[in-house]
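Fold and contact review
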Amino acid sequence: MDARNLQAGADAGHGISFAEAFRVWLRVACLSFGGPAGQIAVMHRILVEEKNWISEGRFLHALNYCMLLPGPEAQQLATYVGWLMHRTAGGLMAGGLFILPGIIAIMGLSYIYAAFGNVSFVEALFFGLKAAVLAIVIEAVVRIGKRALKNRIMIALAAIAFVAIFFFAVPFPIIIIAAGVIGYVGARAGRPEFAPAGHGHGGSTAAIDSMLGEAVPEHVRPNTARAIRVGALWLALWLVPVVALLWILGQASVFSQIALFFSKMALVTFGGAYAVLAYVAQQAVEHYHWLKPHEMLDGLGMAETTPGPLIMVLQFVGFMAAYRDPGGLSPMLAATLGGLLATWVTFTPCFLWIFVGAPYIERLRGNPGLAGALGAITAAVVGVILNLSIWFALHTLFRETVPVHAFPFAFDRPVPTSVDVPALVLSIAAATAIFRFKLGMLTVLAGSCAAGVALRLVGVI
């Protein structure tokens, strides 16, 4: 990317330089704890509330699209917004930075785990961060809910979505499709509840919205020839390594198995990591014998307590798979390659979906029927985010949960006697700091992290 292209990005109408965007996206990436709900909360707070780079409406419009895609929605949302601001280079920067801290953290913890089998001190380092992120997540649900649920119909859709996914384990795509159909029919029927909302916070003064308010930049306009070229490029980047490994090493190689298995996972991870991790754990443990059951749980703990999407646990799975079956390589080198390969085939498709589909999604913003559909999906997404938030809270505040399967119910119930008192106290303190004293996010995160380390040093956790 040469200086002329960087300058063009900065002068595209919003005046935000590539360097400034880099610093902000790096900050977003380093604070992307707490799974999808926490990551969306961080982006919303920084991009919408603090920087005013994108309006509430456009943020939710992009989020709706990303929630419909396979793969980690928060990483794809970062890619989408980065693409809007600075074209393909911006999307690569935002999406790449979003997963970079997680790649480094998971790789480092995997080295320690493989060599010593213990990463307890590092996990303690992030113990306090989880409590702070829980408070940030709750704040985001409240804030987004107030703006997205603008009438009783939208509130009802959010409530129904939450009940369906939390208590009845209704598949995420069914919830989103049903909400979209309801919104589309309601808008076509002229129901005012499904009319497009006016600008929320930021309105037309948001940087991206000001840029797109007049002449639409060329990169945002749909172009079939360009879409074919972009699609072919990203398909090649994704699938050529997979085919090459199968051709050179054969299907029995652990690297071929990693490439093929996680490529399949990249196509079916609708609803984020939560929807597919149980299947991945089963296959990795029982079918491929890459890991033992407790090792999969340890890997999930790493992914939950480090920045980046929860699906980053797949890097740990790929690492351990190649570590156990290194072929002619040293175990650590094979493990490194296995982990990076799993990451590559997991996240490369995410850029494909955004760079090919985003221009068409932007064009749909003016369609009343589709605007109604996406508005209803937004309401359902609030319910889904609430579900993710409660899932995160349960696994932060309780050491044990019990699966409840009593038709038609299917949900996790916390064991009251397993409450994690230090986590509960830290979470209450973080929530008080945010809601009562209005302390900044970095201050709360730093304080919680210090408290977590202190608790470990005195033997409380």
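Residues numbered from 1 in each chain as written. Predicted model: local features only at pLDDT ≥ 70, side-chain atom pairs only at ≥ 80, totals over all residues. Heavy atoms only, no water.

1. What about unusual backbone geometry?
Peptide bonds are mostly trans, and most non-glycine residues show a negative phi. The line we're drawing: Runs of H or I in DSSP of at least four residues are treated as helices and runs of E of at least two as strands, each being numbered from the N terminus. The classification of residues rests on relative accessible area computed with a 1.4 Å probe and restricted to protein chains. Under 20% of the type maximum is buried, over 50% is exposed, and intermediate values are partly exposed.
With omega at 5°, the peptide bond leading from Phe407 into Pro408 counts as cis. Residue position: Pro408 is located in the loop between β1 (401–406) and β2 (409–414). For Arg87, which is not glycine, the phi torsion reads 60° and is therefore positive. Along the polypeptide, Arg87 turns up in helix α5 (residues 73–116). Given a relative accessible area of 34%, Arg87 falls into the partly exposed group.

2. Overview of the nonpolar core
Note the cut-off: Here the nonpolar core consists of buried residues drawn from Ala, Val, Leu, Ile, Met, Phe, Trp, Tyr and Cys, with membership extended through side-chain atoms lying within 4.5 Å. Any pair of residues with heavy atoms lying within 4.5 Å of one another is described as a contacting pair.
Counting residues in hydrophobic clusters, the biggest one holds 142 residues, and the most contacted among them are Trp25, Met43, Leu47, Tyr80, Phe262 and Trp290. Counting residues per element, this core draws most heavily on α5, which supplies 20 residues. Residues contacting Met43, with those up to four places away along its chain left out, are Trp25, Val28, Val48, Phe59, Ala74, Leu77, Ala78 and Phe98.

3. Examining the side chain of Thr396
Mapped onto the elements of the fold, Thr396 is located in helix α16 (residues 368–397). Among the residues examined, Thr396 registers a relative accessible area of 8% and is labelled buried. Residue contacts for Thr396: discarding those within four places in its chain leaves Lys130, Leu134, Asp420 and Ala423.

4. A look at the packing of helix α4 (residues 56–68) against α16
Applicable threshold: All axes here are fitted lines through C-alpha atoms, helices being fitted over the stretch that makes contact, and every angle between N-to-C directions spans 0 to 180 degrees. Orientation is classified from the angle alone, with under 35 degrees giving roughly parallel, over 145 giving roughly antiparallel, 65 to 115 giving roughly perpendicular, and any other angle giving oblique. Each residue is assigned to one class: nonpolar for Ala, Val, Leu, Ile, Met, Phe, Trp, Tyr, Cys and Pro, charged for Asp, Glu, Lys and Arg, and polar for all the others, Gly among them.
For the pair α4 and α16, interaxial distance at closest approach is 10 Å and the crossing angle is 70°. Comparing their axes, α16 and α4 come out roughly perpendicular. Between α4 and α16, the contacting residues are Leu60, His61, Leu63, Asn64 and Met67 on the first element and Leu374, Ile377, Thr378, Val381, Val384 and Ile385 on the second. When grouped by side-chain class, the residues that make up the contact of α4 with α16 number 8 nonpolar, 3 polar and no charged.

5. With respect to the pattern of salt bridges
Inclusion rule: For this document, the term salt bridge refers to a Lys or Arg side-chain nitrogen within 4 Å of an Asp or Glu carboxyl oxygen.
Applying the stated criterion to the full structure yields 4 salt bridges. Note that Glu50 is salt-bridged to Arg27, the shortest N-O span being 2.7 Å. Here the residue Glu50 occupies a position in helix α3 (residues 35–50), and Arg27 occupies one in helix α2 (residues 18–30), the gap between them amounting to 23 residues. On the accessibility criterion, Glu50 (43% relative accessible area) is partly exposed. The partner of Arg191 in a salt bridge is Glu193, with the nearest N and O atoms 2.8 Å apart. Classification of Glu193 by relative accessible area gives buried; the value is 16%.

6. Thoughts on the pairing of β2
Let me state the cut-off plainly: Any two strands are treated as partners once DSSP identifies two or more bridges connecting them.
The pairing of β1 with β2 spans 6 bridges and is classified as antiparallel. Its bridge partner being in β2, Val404 is matched across the sheet by Phe411. Hairpin connection of β1 to β2: 2 residues between the antiparallel strands.

7. As for the packing of helix α14 (residues 313–324) against helix α15 (residues 331–363)
Note the threshold: Note: crossing handedness is left-handed where the near helix turns anticlockwise from the far helix by less than a right angle, and right-handed where it turns clockwise.
Relative orientation of the contacting elements α14 and α15 amounts to 145°, with a least axis distance of 7 Å. In this structure, α14 meets α15 at a crossing whose hand is right-handed. Together, Leu314, Gln315, Gly318, Phe319, Ala322 and Tyr323 of α14 and Pro331, Met332, Ala334, Ala335, Thr336, Gly338, Gly339, Ala342, Thr343 and Thr346 of α15 make up the contact between the two elements. Grouping the constituent residues of the contact of α14 with α15 by class yields 9 nonpolar, 7 polar and no charged.

8. A few points about helix α11 (residues 254–268)
Because an α-helix packs 3.6 residues into every turn, residues spaced three or four apart end up facing the same way. Note the cut-off: Expected span, for any helix, means 1.5 Å times one less than how many residues it has. As used in this structure description, the phrase polar contact means that two N or O atoms lie within 3.5 Å; if the pair is within protein, one of them must be able to donate a hydrogen and the other to accept it, and residues adjacent in sequence are counted only when both atoms belong to side chains.
With 15 residues, α11 should cover 21 Å at 1.5 Å per step; its first-to-last C-alpha distance of 21 Å lies within 8% of that length. For α11, the N-terminal cap is Ser253; the gap from its side-chain oxygen to the backbone nitrogen of Phe255 is 3.2 Å.

9. Section: the environment of Ala148
Within the fold, Ala148 resides in helix α6 (residues 120–148). Among the residues examined, Ala148 registers a relative accessible area of 6% and is labelled buried. If we skip the residues at most four places from it in the chain, Ala148 touches Leu60, Met154, Thr378 and Val382.

10. Thoughts on the state of the cysteines
What counts here: In what follows, a disulfide is any cysteine sulfur pair within 2.5 Å.
Following the criterion strictly, the structure yields 0 disulfides and no others. With no disulfide of its own, Cys66 has Cys350 as its nearest cysteine by sulfur position, at a separation of 9.5 Å.

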